[in-house]
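Working through the structure, step by step
Residues per chain, in single letters:
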Amino acid sequence: MKKGMILYVTQGKEEVPLQGVEELIETSRSFGVTAVAVAISEEDAVHGWWSLLTRGMQQVLFMTVAYNSVLDKFESRGEPVRLCG
C-alpha cells in the first residue's frame, strides 16, 4: 500500500529554510511514507491531498509540525491522522 503524508507547518513557517524542508521529507519517509507534501497554508494542504491522491497514494496521513528557528529543527505536534485509506 502506497502511503502519502501531508506535513502542515503551523508555527515558524516564515522562517523555514529550504534545506530544512528536504530534511523533513526524508525523516517522514522513515515512517514508511512513499510521498510527502509540505503545506504552510490550508490551501497548500488541500492541494497536497489532491496531489497525493492523483499520484496513486492509497492512504493519506496528515500531521502538524512546528519549526523552531533557535534550534533549527522541526517538532511534531501530535500523531499523524489518517485522512483517507
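One structure accompanies this document, and this report is about it.

The rules we used
- Residues numbered from 1 in each chain as written.
- Predicted model: local features only at pLDDT ≥ 70, side-chain atom pairs only at ≥ 80, totals over all residues.
- Heavy atoms only, no water.
- Helix = DSSP H or I, 4+ residues; strand = E, 2+ residues; numbered from the N terminus.
- Rg over C-alpha atoms; globule rule 2.2 N^0.38 Å.
- Buried < 20%, exposed > 50% of the residue type's maximum accessible area, 1.4 Å probe, protein only.
- Lys, Arg positive; Asp, Glu negative; His and termini not counted.
- Charge placed at Lys NZ, Arg CZ, Asp CG, Glu CD.
- Core = buried A, V, L, I, M, F, W, Y, C linked by side-chain atoms within 4.5 Å.
- Contact = heavy atoms within 4.5 Å.
- Patch = residues over 30% accessible without salt bridge, like charges linked within 9 Å, V, L, I, M, F, W, Y side chains within 5 Å.
- Areas by Shrake-Rupley, 256 points an atom, 1.4 Å probe, with all protein chains shown as cover.
- Salt bridge = Lys/Arg side-chain N within 4 Å of Asp/Glu carboxyl O.
- Pairing = 2+ DSSP bridges.

This part is about the overall build of the protein. Looking only at helices and strands, the protein has two helices and five strands in total. The secondary structure elements of the protein, listed N-terminal to C-terminal, are β-α-β-α-β-β-β. Its C-alpha radius of gyration of 12 Å places the protein within 12% of the 12 Å reference for a compact globule of 85 residues. A total of 85 residues make up the protein; the buried ones form 35% of that total. Seen as two clouds, the 8 positive and the 11 negative side-chain charges of the protein have centres 10 Å apart.

This part takes up the nonpolar core. Judged by nonpolar contacts, Met5, Leu7, Val9, Leu24, Ile25, Val33, Val36, Leu61, Met63, Val65, Tyr67 and Phe74 together constitute the single largest core of 12 residues. Those elements giving two or more residues to this core turn out to be strand S1 (3-11), helix H1 (18-29) and strand S3 (59-68). Considering every element that reaches this core, the biggest residue donor is S3, with four residues. Not counting chain neighbours up to four residues away, the residues in contact with Leu24 comprise Leu7, Val65 and Phe74.

Once that is clear, we can look at a nonpolar patch on the surface. On the surface, Trp49, Trp50, Leu53 and Leu83 cluster together to form a nonpolar patch covering roughly 400 Å² of accessible area. It is helix H2 (residues 42-54) that provides the largest number of residues to the nonpolar patch, a total of three residues. In this structure, Leu53 sits in helix H2. What makes Leu53 partly exposed here is its relative accessible area of 37%.

With that settled, consider the pattern of salt bridges. Scanning all chains against the criterion turns up one salt bridge. As a salt-bridge pair, Glu75 and Arg77 come within 3.6 Å of each other at their nearest N and O atoms.

Counted residue by residue, S3 has seven buried out of 10 residues, so it is predominantly covered. As paired elements, S1 and S3 share eight bridges and run parallel to each other. Along S3, the bridge assignment pairs Met5 with Leu61. Sheet analysis places S3 next to strand S5 (residues 81-84), joined by three bridges and oriented antiparallel. Bridge pairing in S5 places Leu61 opposite Arg82. Relative to strand S4 (residues 73-76), S3 runs antiparallel, the two being bridged by four bridges. Along S4, the bridge assignment pairs Ala66 with Glu75. Hairpin geometry of S3 and S4 is characterised by an intervening segment of four residues between the two adjacent antiparallel strands and by a positive phi of about 55° at Asp72.

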